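Residue strings, one per chain:
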Amino acid sequence: MSLDLRDALHELATAEGPDVRPDAWAAEALRRTERRRRHRMMSVAAGGVAVAVALVLALPGGRSTSPPVADAVPTIPAVIPVPSSNTPSLSDKPIRRASMIVTLHNRDYLVGADGEGLRAAPYKDPSFIPETVNGRKMGIVTPVAGEECSAALSSDGTKLAWLPCGKAGSWTRSPATDVRVVTLATGRTRDISMPNPPWGRQGVQLVALGAQLSWSPDGSAIVVSDANLAIMADLSTGRTRRLPDGSGGAVTWSPDGKTMLVTDSVSPFSDVAFLVDRAGKKLASLSLPVVGHSGRVTWFWGRDDNTVDAFWSQGSKHELVTMRRDGTVIRRLPNPAAINSQPIGWRGGRLVLSLGPSAQKPGTYVGLLDPATGETAPLFRVPAGLLCSGYATGLVATASIR
Amino acid sequence: MSERYAGFAEFVAARGPALARSAFLLTADRHAAEDLLQSALAKAAARWGRLREPEAYVRRILYTEQVSRWRRTRSEVPVAEVPAVATSSDEESTVARLTLLDALARLPRGQRAVVVLRFYDDLTEAQAAAVLGVSVGTVKSQTHAALARLRTLLPDVSFSHDAAETR
C-alpha cells in the first residue's frame with residue numbers, strides 16, 4: 001500500500017481529531033488566564049501582607065495575626081457554615097484546597113480549608129462542564145433528590161474528582177464514561193476515560209446512585225467502584241486497571257497507598273473483604289469473625305498499613321473489629337458509642353467518624369472515637385439540613401478546628 | 001475582561017480547529033490534544049494584545065510544551081492499542097488511519113513533533129528547527145529516524161514523502 005504521508009496525516013487529523021468547539025476552548029482559556037491573574041494578584045497581596053507583618057513584628061511590642069500564607073495549617077470550621085444564594089462558585093473565587101463536600105438541597109459545596117468559607121461545587125458550574133460528551137451536547141438540569149453527583153476530594157483537598165451526573169446533575173442524558181478531575185487552585189480539568197463502565201451501559205439513572213470514587217493517599221490514582229465492579233485509574237499515565245471480580249462498594253487505601261481494601265460485593269452482608277495491590281492482584285481475603293449474622297458491615301483501613309477495621313451491627317449488637325492484614329483479630333470493641341456511624345479516617349490514633357443526628361442532637365457531628373475505650377469526643381458540627389458527602393481525609397487528620 | 005481579550009475568541013474560532021488537529025497529531029490522543037491546546041491558548045490569552053503573530057506563538061507553545069513534557073518525564077510508554085472509534089463508513093480507510101495513528105503514538109515525542117511539523121504543517125527543516133529551538137541537523141536526524149521507525153512499524157506501507165523530506 002502506498003501512502004502520501006502528508007495526505008494521510010491531514011486525513012487522520014481531520015477524521016479522528018478532537019471535536020471542534022472553539023467557543024468552549026476560548027472560554028476555558030480565558031477562564032484559566034483570569035484565574036491565574038487573580039492568583040498572581042492574591043500572591044502579591046499576600047506577599048505585601050507578609051512584608052507588613054514582618055515589619056510589624058520587627059517593631060518593639062509588635063503583634064501578629066496569622067497571615068494567609070500558602071502552606072499554613074489547614075483549618076476546618078468548628079461549625080460548618082450553611083450555604084446561601086450568595087455562595088460564590090469556584091470559578092468566581094478560587095480556593096487552593098477544600099476539607100470536605102457538603103450537600104444542601106441536592107447541591108454540593110466545598111468547604112475551603114484556609115478559612116475562605118464555601119464554594120459551589122464545580123460540577124454544577126457551566127465553566128467546568130464540557131460542551132459535548134461522546135458527541136452529545138450537554139446542559140444543566142435541575143438536580144433531583146437522591147441522584148446527586150458522585151464526587152470525592154483528594155486526601156490533601158487540592159483536587160476534586162467527580163463522575164458526570166445522570167439526569168441529576170450537569171452532564172445530562174448521556175451515560176458517564178469519564179471521571180473529571182479538577183485542580184482547585186488552577187481550575188485545570190482533566191478527564192479520565194473508563195473502559196466500558198457498567199454505569200455507562202446501564203443508563204443514566206444509575207450513574208449517580210451506586211458509583212463511588214476513592215483517591216489514593218498521594219493523589220496519584222483513583223478507584224471508581226459500583227455495586228459489582230471497580231476500576232483503578234492511574235492519573236500519571238491515564239491508564240486504567242480493572243480490579244478483581246467481586247470488587248465493589250467503597251474502596252479504602254492503606255496509608256502508604258500500596259494496598260486497597262475492597263468489599264466483596266458478592267458476599268452476603270459484605271462480611272468478606274479482600275486486599276488488592278496497585279497492580280490489581282488480590283493479596284488476601286478477610287472475613288468478619290462473626291458467625292451467622294445478617295447485619296450491615298462497613299470495612300475500612302486501620303490506623304497503619306498493617307491493620308484493617310470493620311464495623312458491624314445487627315439489631316442491638318454493635319462491634320468494631322480490628323484485625324491484621326492476614327485476618328488475625330487484634331481487638332473486638334463491643335458496643336462502641338459511635339455505632340451506626342461512617343468512618344472518615346484517622347486523626348492522632350483516633351478514628352474520625354461522622355455521627356448521625358439523634359432526637360437529642362439535630363444535625364451531624366464529626367467526632368473522634370478512641371479505639372482503646374470506645375469513647376467519642378466531638379470534633380466539629382454539621383448543622384441540621386447539611387449532609388457531608390466527602391472528606392479530604394489527609395487534611396481532616398491534621399487540620400486545626402476553628 | 002472583554003476589552004483585554006478583544007479578538008481572542010475570533011482568533012480561536014478561526015484557527016482553533018487547525019491548531020487542535022496539530023495537537024492531536026502531536027499527542028495521538030483526543031483528550032491530551034485538547035488539554036495541550038487549552039494550555040497553549042491560555043498562555044496566548046495571557047499575552048493577548050502583545051502578540052504580533054498569535055498563531056505562530058500558539059503553535060510554538062504546542063510543540064515546545066509537548067516536547068518539553070517528554071524531556072521532563074522520559075517515561076512515555078507507547079500505547080498498546082489504538083482507540084476503538086471508527087467514524088468513517090469506509091472501513092479500509094479507517095483502519096489505515098488508525099494504524100497510522102498507532103504508529104505515530106509509538107514515536108518518541110521529539111520525532112513525532114518533527115513529523116508533524118514537516119509533513120503536516122509543511123514547514124521547512126529550518127522553520128521546524130526554529131519552532132523547536134533545535135539545530136537544523138537535529139531536525140534532519142530526527143526526521144530520518146522517525147521515518148525509519150514508521151517504515152518499521154508500517155511494513156506494508158510505502159511513503160511517497162520523498163519530495164517533502166528533501167525540502
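Residues numbered from 1 in each chain as written. Chains lettered and ligands numbered in written order. Predicted model: local features only at pLDDT ≥ 70, side-chain atom pairs only at ≥ 80, totals over all residues. Heavy atoms only, no water.

Asker: For this particular structure, what's the right way to read the sheet that holds strand E20 (residues 296-301) of chain A?
Answerer: Residue and element names in this part refer to chain A. Across the sheet, which stays open at both edges, the four strands sit in the order E20-E21-E22-E23 with antiparallel pairing between neighbours. Two strands close off the open sheet at either side, each with one partner strand: E20 and strand E23 (329-334). Adjacent strand axes in the sheet meet at a mean angle of 15 degrees when their direction is disregarded. Judged from the six bridges that link them, E20 and strand E21 (residues 307-314) form a sheet pairing that is antiparallel. Bridge pairing links Trp301 to Val308 in E21. (Pairing = 2+ DSSP bridges. Helix = DSSP H or I, 4+ residues; strand = E, 2+ residues; numbered from the N terminus. Axes fitted to C-alpha atoms, helices over the stretch in contact; angles between N-to-C directions.)

Asker: Just to check I follow, could you spell out the sheet that holds strand E3 (residues 98-104) of chain A for this structure?
Answerer: Residues and elements named next belong to chain A. Taken in spatial order, the four strands make up an open sheet running E5-E4-E3-E28, and their pairing is antiparallel. Where the open sheet ends on each side, the last strands, each with one partner, are strand E5 (118-120) and strand E28 (387-391). Averaged over all pairs of adjacent strands, the angle between their axes in this sheet comes to 30 degrees, without regard to strand direction.

Asker: Explanation requested: the packing of helix H1 (residues 8-27) of chain B against helix H5 (residues 109-120) of chain B in the structure shown.
Answerer: Angle between the axes and distance between the axes: these two values describe a pair of packed helices. Residues and elements named next belong to chain B. The interhelical angle for the contact between H1 and H5, taken along N-to-C directions, is 140 degrees, at an axis separation of 8 Å. With respect to each other, H1 and H5 are oriented oblique. As for how H1 packs across H5, the hand of that crossing is right-handed. On the side of H1, the interface is formed by Ala18, Arg21, Ser22, Leu25, Leu26 and Thr27, while H5 contributes Arg112, Ala113, Val116 and Tyr120. Partitioning the contact of H1 with H5 into residue classes produces six nonpolar, two polar and two charged. (Parallel < 35°, antiparallel > 145°, perpendicular 65-115°, else oblique. Left-handed = near helix turned anticlockwise from the far one by under 90°. Contact = heavy atoms within 4.5 Å. Nonpolar A, V, L, I, M, F, W, Y, C, P; charged D, E, K, R; others polar.)

Asker: Sorry, what's going on with H5 of chain B here?
Answerer: Residues that lie three or four places apart on an α-helix share one face, since the helix turns once every 3.6 residues. Residues and elements named next belong to chain B. Across the twelve residues of H5, twelve count as buried, placing the element largely inside the fold. Listed as buried for H5 are Arg109, Gly110, Gln111, Arg112, Ala113, Val114, Val115, Val116, Leu117, Arg118, Phe119 and Tyr120. Asp122 sits one or two residues past H5 and shows a positive phi near 65 degrees. (Buried < 20%, exposed > 50% of the residue type's maximum accessible area, 1.4 Å probe, protein only.)

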